[in-house]
Amino acid sequence: MFARAYAQGSQDPVQLLTPEGERVQHPDFDVDLTPEQLRGLYRDMVLTRRLDTEATALQRHGELGLWAQSLGQEAAQVGAARSVRSQDFVFPTYREHGVAWCMGVDPVELLGMFRGTDHGTWDTEATRMGLYTIIIGAQTLHAVGYAMGLQRDGVVGTGDPSRDAAVVAHFGDGASSQGDVNEALVFASSYQAPVVFLCTNNQWAISEPTERQSRVPLYQRAWGFGLPGIRVDGNDVLAMHAVTTAALQRAREGQGPVLIEAFTYRMGAHTTTDDPTRYRLSADVESWKLKDPILRLEAYLRRNGLVEQAWLDELAAEADALGERMREGCRTRTDPDPLSMFDHVYAEQTPELAAQRDGYAAYLAGFEEDQ
């Protein structure tokens, strides 16, 4: 299903659920989810959106220095994250809030980096998700290195579904032009590393449209590196789940990497310092509102009698509780000891670093003496 012949065919993205919430068939990809699993995907997306809107509000009230919004990209993140097995590992950018939610990262912990109290505090081994990466595209190199490590650990292509593992590397359309991403694709293809490259194409690399950096759809860039590429409707959580599940299984079996382009739209700003009204048309935003990933799945659930209003009301209450917990957790996060920045630079502190620490400690002590 990931043959190059397929990748070089139609540019139409894989879709299993129309914007109107109607189920459609695809010749290569499908999902067979229970009503409970479908409701679970809906819940994940609703709570991810509340997480995002709450953090945005916190930034607007001065509680966060910055926030990278994920509004409209919930399906691309949740569909992919729910395809990951317990032995897999995920490398995110700084916008994968839905992935973090699905991987078990406490939403309050996401706020620390944006509040300036830490660089990420969740247990990466327990959650199987790396810390947010600010350097654009750097996480793809980390992902490929980790994937090559899995090969050397003998947990790829063994035929044992409880052991075989793979990696997901998230990055945005803007990052696809970074040297790190291209180098990661070279290494992954050359060594058949078990990694799924998931490019979330929200069509805007900050203030520049995708066509400014690529003459072809982004998934077609995979061909030049010798790996399959496929475009998916990034607002269709079922399609994202189906394609990512298949790509991860292919990687676990030792068949090599895949590039998935999740074609979606960034409904919000690049970050809370950005004003998207300066460079894009409001008409485009309005047209993409009709493709809302959450409303799409809700329409399907309602049409097929898979959800009741009482359940939706309970979910709304759960979202409110999440918002309250995030507000409280954000405001009670404590500032770190200034000297702690020296603690984890090296495994063993060097004399030069110790001297810098002592000098900075003396500098801070000078302020106390002046009081």
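Since the structure is predicted, the reported quantities are computational estimates derived from the model, not experimental observations. (Residues numbered from 1 in each chain as written. Predicted model: local features only at pLDDT ≥ 70, side-chain atom pairs only at ≥ 80, totals over all residues. Heavy atoms only, no water.)

### Structural notes on helix α3 (residues 74-81)
- Burial within α3 is extensive, with 8 of its 8 residues counted as buried.
- Burial in α3 covers these residues: E74, A75, A76, Q77, V78, G79, A80 and A81. (Buried < 20%, exposed > 50% of the residue type's maximum accessible area, 1.4 Å probe, protein only. Helix = DSSP H or I, 4+ residues; strand = E, 2+ residues; numbered from the N terminus.)

### Here's the deal with a nonpolar patch on the surface
- Where nonpolar side chains cluster on the molecular surface, the patch consists of V186, F187 and Y191 and spans about 290 Å² of accessible area.
- Along the chain, V186 turns up in helix α8 (residues 179-190). (Patch = residues over 30% accessible without salt bridge, like charges linked within 9 Å, V, L, I, M, F, W, Y side chains within 5 Å. Areas by Shrake-Rupley, 256 points an atom, 1.4 Å probe, with all protein chains shown as cover. Salt bridge = Lys/Arg side-chain N within 4 Å of Asp/Glu carboxyl O.)

### Considering the packing of helix α2 (residues 35-60) against helix α12 (residues 309-331)
- Axis separation between α2 and α12 bottoms out at 9 Å; the angle between their running directions is 35°. The crossing of α2 and α12 is right-handed. Packed against α2, whose contacting residues are R39, Y42, R43, V46, L47, R50, L51, E54, A55 and L58, the element α12 presents W311, L312, L315, E318, A319, D320, L322, G323, M326, R327, C330 and R331 at the interface.
- Split into classes, the residues belonging to the contact of α2 with α12 amount to 13 nonpolar, 1 polar and 8 charged. (Axes fitted to C-alpha atoms, helices over the stretch in contact; angles between N-to-C directions. Left-handed = near helix turned anticlockwise from the far one by under 90°. Contact = heavy atoms within 4.5 Å. Nonpolar A, V, L, I, M, F, W, Y, C, P; charged D, E, K, R; others polar.)

### Focus: the packing of aromatic side chains
- The tally for this structure, following the rule as stated, stands at 15 aromatic pairs.
- One aromatic cluster in this structure is built from W67, F114, W122 and Y132.
- A cation over an aromatic ring shows up here: R231 above the ring of F263, its NZ or CZ 4.5 Å from the ring centre.
- A cation over a ring is seen here: K291 above W288, with NZ or CZ 4.1 Å from the ring centre. (Phe/Tyr/Trp six-rings, centres within 6.5 Å; stacked < 30°, edge-to-face > 60°. Lys NZ or Arg CZ within 6 Å of the ring centre and 35° of its normal.)

### What to know about the nonpolar core
- Within the largest apolar cluster, 70 residues are counted, with the highest numbers of intra-cluster contacts made by M129, L238, I260 and L297.
- At 10 residues, helix α9 (residues 237-252) tops the list of elements feeding residues into this core.
- Formed by 27 residues, the second largest nonpolar core is a distinct cluster that contains V155, V156, F171 and A175. (Core = buried A, V, L, I, M, F, W, Y, C linked by side-chain atoms within 4.5 Å.)

### Concerning the pattern of salt bridges
- Inspection of the entire model under this criterion finds 20 salt bridges.
- In this structure, D118 engages R333 in a salt bridge whose closest nitrogen and oxygen atoms are separated by 2.7 Å. Linking D118 in the loop between α5 (107-115) and α6 (124-127) with R333 in the loop between α12 and α13 (351-370), this pair joins segments that are 215 residues apart in sequence. Exposure class is identical for D118 and R333. Each is buried.
- One salt bridge connects R212 with E208, and the closest N-O pair in it is separated by 2.7 Å.
- Judged by relative accessible area, R212 falls into the exposed class, the value being 63%.

### Description of the sheet that holds strand β6 (residues 229-233)
- The 5 strands are arranged β1-β2-β3-β7-β6 in an open sheet whose pairing can be described as parallel. If you trace the sheet from one side to the other, it starts and ends with β1 (89-91) and β6, each paired once. The mean inter-strand angle of the sheet, taken between neighbouring strand axes irrespective of direction, is 20°.
- Bridging between strand β3 (residues 195-201) and strand β7 (residues 258-263) involves 6 bridges; their strand directions are parallel. Bridge pairing in β7 places L198 opposite I260. (Pairing = 2+ DSSP bridges.)

### Remarks on unusual backbone geometry
- The backbone of Q192 shows a phi angle near 50°, a positive value even though the residue is not glycine.
- Secondary-structure assignment places Q192 in the loop between α8 and β3.
- Backbone geometry places I206, a non-glycine residue, at a positive phi of 60°.
- Tracing the chain through its elements places I206 in the loop between β4 (204-205) and β5 (208-209).

Read these as geometric descriptors, not functional statements.
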